[in-house]
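Examining the three-dimensional arrangement
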Amino acid sequence: MIGFIIAGLIIGALARLIKPGKQNLGLLATLLLGLAGSVIGGLVASLFHTGGIFELNVLGFIVAVIAAVLLIGVAESMAGRRRSVRR
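Now for a description of the structure that goes with this document. (Residues numbered from 1 in each chain as written. Predicted model: local features only at pLDDT ≥ 70, side-chain atom pairs only at ≥ 80, totals over all residues. Heavy atoms only, no water.)

Moving on, we get to the overall build of the protein chain. If you tally the helices and strands in the protein chain, you get three helices and zero strands. Reading the protein chain from its N end, one meets helices and strands in the order α-α-α. Burial statistics for the protein chain: of 87 residues in total, 32% are counted as buried. Sequence separation of 24 or more characterises 58% of the internal contacts of the protein chain that already satisfy a separation of 6 or more. On the protein chain, roughly 5700 Å² of surface is accessible, and the fraction owed to carbon and sulfur atoms is 75%. (Helix = DSSP H or I, 4+ residues; strand = E, 2+ residues; numbered from the N terminus. Buried < 20%, exposed > 50% of the residue type's maximum accessible area, 1.4 Å probe, protein only. Contact = heavy atoms within 4.5 Å. Areas by Shrake-Rupley, 256 points an atom, 1.4 Å probe, with all protein chains shown as cover.)

Okay, here's the thing in structure tokens:
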């Protein structure tokens, strides 16, 4: 469980470094998006039979970072819409 949380933080941090621009996300949001990305990466890796869903492997890690970058973009667009509705 602790390893899963650490991996989520690492994946979320890498995704934030890769995504251009400033993200208005806190540590908890980074962790949650990284965890979601790591689950998606694990699912994809298990679909390609390169390892289990909770097993760290290269394909799962790469897909996890890509998924986290996409999830950060979705989170930013949802936050932007929420701000524009409030004005």
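Next comes the rest of the write-up.
Tallied over the full model, the rule gives one salt bridge. The partner of Glu76 in a salt bridge is Lys19, with the nearest N and O atoms 3.3 Å apart. With Glu76 in helix α3 (residues 58-86) and Lys19 in the loop between α1 (2-18) and α2 (27-47), the pair connects residues that are 57 residues apart, well separated along the chain. Exposure remark for Glu76: the relative accessible area of 23% places this residue in the partly exposed category. (Salt bridge = Lys/Arg side-chain N within 4 Å of Asp/Glu carboxyl O.)

Judged by nonpolar contacts, Ile11, Ala15, Leu25, Leu33, Ala64, Val65, Ala68, Val69 and Ile72 together constitute the single largest core of nine residues. Listed by contribution, the elements that provide at least two residues to this core are α1 and α3. When residues in this core are grouped by element, the largest group, five residues, is from α3. Residues contacting Val65, with those up to four places away along its chain left out, are Ile11, Leu14, Ala15 and Ile18. (Core = buried A, V, L, I, M, F, W, Y, C linked by side-chain atoms within 4.5 Å.)

As a further point, take the packing of α1 against α2. The interhelical angle for the contact between α1 and α2, taken along N-to-C directions, is 100 degrees, at an axis separation of 7 Å. When the axis of α1 is compared with that of α2, the two are roughly perpendicular. Of the residues in α2, those touching α1 at Phe4, Ile5, Gly8, Leu9, Ile11, Gly12, Ala13 and Arg16 are Leu27, Thr30, Leu31, Gly34, Leu35, Ser38 and Val39. When grouped by side-chain class, the residues that make up the contact of α1 with α2 number nine nonpolar, five polar and one charged. (Axes fitted to C-alpha atoms, helices over the stretch in contact; angles between N-to-C directions. Parallel < 35°, antiparallel > 145°, perpendicular 65-115°, else oblique. Nonpolar A, V, L, I, M, F, W, Y, C, P; charged D, E, K, R; others polar.)

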